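Tertiary structure, described
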Amino acid sequence: MKNLLIKSAIASGVVLSLATFTRPVMAASFAISIENAGVQNAQLSNLVNAHVDTFDSQTTGYSATGFQWKDGTTNVGSYNNGLINNANLYGGAGGSGKYFDVDTNNGSQQTVSTLDLTTPQSYFGLWWSAGDSNNELTFLSQGKVVETMTTAQVVSYIAGLSNNSGYYGNPNSTFQNQDSGEAFAFINFYDVGGTFDQVQFTNVGGSGFESDNHTVATGYNSITGNVVIKAVPESSSVLGVLVIGFVGATSVLTRRVKKNSVLQLS
């Protein structure tokens, strides 16, 4: 009996270890949503310690060394390998000012830009303009990836909406309905399982990754917008594995006890 219990515990431990180390982290901790068509800003009243980067104070053009993100006296973080464009049909919230871009066609063969945050955050949002399925966002914490999202997921979600036409074409009066074949939406990323301190913006094709109104927050009151991906809490899945392991071990032990009882009676 003792040996069987030990073996069952070991087996359950192996199952738990495999589940813990092989399951994807990204599916556990993040919820992703988009705001209604035409919305170009985060719902700031829902956020705690929020900061917004409009990029309007940055110098137009490409910079490998990047630039700082400052909100008043607060040093929010820094970007490297960044491109700043003046508002046009592809970007620029409100139809004016400037916007951030990852563009492989700008002569630098820029494919990845990185935002290093001074303080860990649990929320990130951006107005994703001229959106296509070649864009990718990766969130990291202390150098480890905690979430990777390709905009193909958002494109697919928007395509399934009954009002999907509202998301296509530039919504601003200056460039009204121009670039009608690409999506424009504000996307929210909520880390419900922890925090992140770095965001990577990747353009995997020959197009651009245009965005504006980057927003971070250390906390939030609720998940707003239309949910594209729902978070699955890490604790519940691990608990599920623990329960499965415990039930499995108990089941084996019970069968052994019953078997011994039958043998004793005979």
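Residues numbered from 1 in each chain as written. Predicted model: local features only at pLDDT ≥ 70, side-chain atom pairs only at ≥ 80, totals over all residues. Heavy atoms only, no water.

Moving on, we come to the packing of aromatic side chains. Taken as a whole and judged by the stated rule, the model has 18 aromatic pairs. On the numbers, 5.2 Å between centres and 55° between planes, the contact of tyrosine 123 with tyrosine 190 is tilted. Highlighted residues: tyrosine 123 in strand E10 (residues 123–131) and tyrosine 190 in strand E13 (residues 183–191), separated in sequence by 67 residues. Exposure class is identical for tyrosine 123 and tyrosine 190. Each is buried. Grouping aromatic residues by their ring pairs yields a cluster made of Phe30, Phe55, Phe67, Trp69, Tyr79, Phe100, Phe124, Phe139, Phe189, Phe196, Phe201 and Phe209. (Phe/Tyr/Trp six-rings, centres within 6.5 Å; stacked < 30°, edge-to-face > 60°. Helix = DSSP H or I, 4+ residues; strand = E, 2+ residues; numbered from the N terminus. Buried < 20%, exposed > 50% of the residue type's maximum accessible area, 1.4 Å probe, protein only.)

For the rest of this paragraph, the subject is the nonpolar core. Considering soluble globular proteins, one finds that nonpolar side chains tend to be buried as a cluster. Phe124, Phe139, Ile187, Phe189 and Phe201 are the most contacted members of the largest nonpolar core, which totals 34 residues. Counting residues per element, this core draws most heavily on E13, which supplies four residues. In this structure, Leu47, Ala93, Ala130 and Ala217 belong to the second largest nonpolar core, which totals twelve residues. (Core = buried A, V, L, I, M, F, W, Y, C linked by side-chain atoms within 4.5 Å.)

Looking now at a nonpolar patch on the surface. Residues Val192, Ile223 and Val227 make up a contiguous nonpolar surface patch of roughly 210 Å² in combined accessible area. By secondary structure assignment, the location of valine 192 is in the loop between E13 and strand E14 (196–203). For valine 192, a relative accessible area of 37% puts it in the partly exposed group. (Patch = residues over 30% accessible without salt bridge, like charges linked within 9 Å, V, L, I, M, F, W, Y side chains within 5 Å. Areas by Shrake-Rupley, 256 points an atom, 1.4 Å probe, with all protein chains shown as cover. Salt bridge = Lys/Arg side-chain N within 4 Å of Asp/Glu carboxyl O.)

The residue glutamate 35 is located in the loop between strand E1 (30–34) and strand E2 (47–48) in this model. Buried glutamate 35, no salt bridge; nearest opposite-charge side chain is lysine 230, N-O distance 17 Å. There is a polar contact of 2.8 Å between the side chain of glutamate 35 and the side chain of asparagine 188. With residues up to four places along the chain from it excluded, the contact list for glutamate 35 reads Asn41, Gln43, Tyr167, Phe186, Asn188, Thr224, Gly225 and Asn226. (Lys, Arg positive; Asp, Glu negative; His and termini not counted. Polar contact = N/O pair within 3.5 Å; in protein donor to acceptor, adjacent residues only side chain to side chain. Contact = heavy atoms within 4.5 Å.)

So, about the pairing of strand E5 (residues 67–71). Sheet analysis places E5 next to strand E6 (residues 74–80), joined by five bridges and oriented antiparallel. In the strand pairing of E6, phenylalanine 67 is matched with tyrosine 79. Where E5 folds back onto E6 in an antiparallel hairpin, the turn is made up of two residues, including glycine 72, whose phi is positive at roughly 65°. (Pairing = 2+ DSSP bridges.)

For the rest of this paragraph, the subject is unusual backbone geometry. Phi is positive for asparagine 49, close to 55°, though the residue is something other than glycine. Following the sequence through the fold, asparagine 49 ends up in the loop between E2 and strand E3 (51–53). Of note in this structure, phenylalanine 55 is not a glycine but carries a positive phi near 70°.

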